[in-house]
Amino acid sequence: KQDSVSSSLGQNGSLSAVNLMEFDSKMSTARKSHQHCLAVMKKFWHLVLKEEKSGSTEYGRPSPDVIEEMVESVREYELAVWNAKSEYAWLMENFSSSTAVILSYAHF
């Protein structure tokens, strides 16, 4: 069974249980980071839309509190992107022939 799993992950030889666990962990973390990126992006644009609809902007600018929330969203997004990229980089380095890794990274 390990041979079939290792071949599906793009490994020619046998894949140890430790390597498989590491792959699963990294893939899970990369996907969670990707989902977090999307959630933060949604939050950012929700803030923009909410502020635009409320009409509470002064001189066409959002309030300082909303600007602070937007900046925090951008920081959170950058961190999530960095986390996802580092996990995908490790996965591509170690499992570059894996269809699951390639497709997941491409969606990112």
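## Overview of the overall build of the protein chain
Here is step 1: Scanning the protein chain from terminus to terminus reveals 4 helices and 0 strands.
Here is step 2: Listing each helix as α and each strand as β along the protein chain from the N terminus yields α-α-α-α.
Here is step 3: If you take every contact in the protein chain between residues at least 6 apart in sequence, the share linking residues at least 24 apart comes to 64%.
Here is step 4: With an accessible surface of roughly 7,500 Å², the protein chain has 56% of that area assigned to carbon and sulfur atoms.

## Considering helix H2 (residues 17-54)
Here is step 1: In this model H2 runs 55 Å from its N-terminal to its C-terminal C-alpha over 38 residues, within 8% of the 56 Å that 1.5 Å per residue would give.
Here is step 2: Restricting attention to buried positions, one finds in H2 the residues Phe-23, Met-27, Ala-30, Ser-33, His-34, Cys-37, Val-40, Leu-47 and Glu-51.
Here is step 3: If you follow the buried residues of H2, they end up packed against helix H3 (64-94) and helix H4 (99-107).

## Focus on the side chain of Glu-87
Here is step 1: Here Glu-87 shows up in helix H3.
Here is step 2: For Glu-87, the residues in contact, after removing those within four places along its chain, are Lys-26, Thr-29 and Ala-30.

## What about the confidence of the model for the protein chain?
Here is step 1: Of all residues in the protein chain, 81% have pLDDT values of 70 or greater, and the mean over the chain is 83.
Here is step 2: Taken element by element, the protein chain is modelled with least confidence in helix H1 (residues 2-8), mean pLDDT 50, and with most confidence in H3, mean pLDDT 92.
Here is step 3: Low pLDDT, under 50, characterises residues 1-6; the predicted model gives this stretch 10 contacts beyond four residues in sequence or across chains.

Criteria and thresholds
One numbering rule holds for all chains: residues counted from 1, following each sequence as written. Only residues with pLDDT of 70 or above have their local features reported here, since the model is predicted, and side-chain atom pairs are shown and tallied only from 80 upward, although totals for entire chains, interfaces and linings are computed over all residues. Processing note: side-chain calculations cover all non-hydrogen atoms of the structure and skip hydrogens and water entirely. Helix numbers and strand numbers start at the N terminus; a helix is a DSSP run of H or I with at least 4 residues, a strand a run of E with at least 2. Residues count as neighbours in contact if any of their non-hydrogen atoms are within 4.5 Å of one another. Surface accessibility follows the Shrake-Rupley procedure with a 1.4 Å probe radius. Residue values consider only the protein chains on display as shielding. Expected helix span is given by 1.5 Å per residue-to-residue step, counting one fewer step than there are residues. Classification of residues uses two cut-offs on accessible area relative to the type maximum, computed with a 1.4 Å probe and protein chains only: under 20% is buried, over 50% is exposed, and between them is partly exposed. Scored from 0 to 100, pLDDT records how confident the predictor is in each individual residue.

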